Each structure stands twice: as C-alpha cells, then as structure tokens.
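In case you want the letters, here they are:
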Amino acid sequence: MSNLTESSGYSHEDARFHELDAKALASMRTQLDAKRAAAAAVAAKVAHWLRCPKCGGEMQEQSFENVSIDQCTSCKGVYFDSGELELLLSHSKARAGLMGRLFSR
Ligand SMILES: [Zn+2]
C-alpha cells in the first residue's frame, strides 16, 4: 500500500514549497492591503479638505469680529477652528458688558 502523495508525484518537499509560497503570498497581500488603505486615506483627506462637513460645498475663510471663520459657500454653514469660538464669545461678552454698562444709566 503506497502513500497517495508519493504515488501522485507530490512529495513532502513540494508541500514545503507550497507552504512557503502561501506565506509569501499572504505577506504580499498584507502589504498590498496596507498600501491600498493608506492611499484611500489620502484620497479621502484630499476629497474632504476644506469642504463643508454638512453638504460638501467649498469653504471660504472670512473675518468676523476679528475672528477668522470658515463659511460654506453653498449652505452658509460656519466652522470655527479650535479656540476661535471661545475668542468670539469673549468678544461678545465684553461688548455685552459694555452695552449693559452704557444702557444701565
Ligand atoms: Zn455646506
């Protein structure tokens, strides 16, 4: 009674080569998937860069009360960079305080 693999010409050495090929292919697949994921992340960033998060329209930088804001040219939505809303609110509170003092007399 002979071994099926030996009788069909399929040796243990061939099996070892197949195993190495499978590992090499898996490694190449992992590297290719990582490259594709990185390229997709770059494409997504480029597609959304300076675009309105609500409608995808173009954002235009404007100055409002000496604070820089980004406003959508399509839906007119407004986006504040970090710290700019707090700056605008502090201007408003200061002005409201001044107006309160002016009209309380
Ligand atoms: Zn918009």
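Note that the structure is a prediction, hence the values are computed from the model and not measured. (Residues numbered from 1 in each chain as written. Predicted model: local features only at pLDDT ≥ 70, side-chain atom pairs only at ≥ 80, totals over all residues. Heavy atoms only, no water.)

With that out of the way, let us pick up the overall build of the chain. Counting its secondary structure elements, the chain contains three helices and three strands. In the chain, which comprises 105 residues, the proportion classed as buried is 10%. Of the contacts made within the chain by residues no fewer than 6 positions apart, 9% connect residues no fewer than 24 positions apart. For the chain, the accessible area works out to roughly 8,900 Å², and carbon and sulfur atoms hold 59% of it. (Helix = DSSP H or I, 4+ residues; strand = E, 2+ residues; numbered from the N terminus. Buried < 20%, exposed > 50% of the residue type's maximum accessible area, 1.4 Å probe, protein only. Contact = heavy atoms within 4.5 Å. Areas by Shrake-Rupley, 256 points an atom, 1.4 Å probe, with all protein chains shown as cover.)

Attention now moves to the pattern of salt bridges. For side chains bearing opposite charge, pairing can occur when the charged atoms are close. All told, the structure shown has three salt bridges when counted by the stated rule. Here E19 and R16 are joined by a salt bridge, their closest N and O atoms 3.3 Å apart. In this pair, E19 and R16 both sit in helix 2 (residues 12-48), three residues apart, roughly one turn of the helix. Take R16: its relative accessible area is 43%, and that puts it in the partly exposed class. One salt bridge in this structure joins R29 and D33, with 3.5 Å as the shortest N-O distance. Here R29 and its partner D33 are both found in helix 2, four residues apart, which amounts to about one turn of the helix. When salt bridges that share partners are traced, they join R16, E19 and K23 into one network. (Salt bridge = Lys/Arg side-chain N within 4 Å of Asp/Glu carboxyl O.)

Take the environment of E86 next. Tracing the chain through its elements places E86 in helix 3 (residues 84-103). Separated by 3.5 Å, the side chain of E86 and the backbone nitrogen of G83 make a polar contact. (Polar contact = N/O pair within 3.5 Å; in protein donor to acceptor, adjacent residues only side chain to side chain.)

This brings us to the pairing of strand 1 (residues 59-64). Sheet topology note: the strand 1/strand 2 (residues 67-72) ladder contains six bridges and is antiparallel. Within strand 2, the residue paired with M59 across the bridge is C72. (Pairing = 2+ DSSP bridges.)

The next subject is the coordination of the zinc ion. For the zinc ion, every protein donor is listed as C52 (SG), C55 (SG), C72 (SG) and C75 (SG), and the spread of their distances is 2.2 to 2.4 Å. For the zinc ion, the four donor atoms in the first shell make angles of 100 to 119 degrees at the metal, a pattern classed as tetrahedral. The sequence motif formed by the donor residues of the zinc ion is C-x2-C-x16-C-x2-C. On the criterion of sequence distance, the pair formed by C55 in the loop between helix 2 and strand 1 and C75 in the loop between strand 2 and strand 3 (78-79) is long-range, its members being 20 residues apart. Looking at C55, the relative accessible area reads 40%, which means it is partly exposed. Given a relative accessible area of 33%, C75 falls into the partly exposed group. (Donors = N, O, S within 2.8 Å, 3.2 Å for Na, K, Ca; no water. Tetrahedral: all angles 85-135°; square planar, octahedral: opposite > 155°, others 65-115°.)

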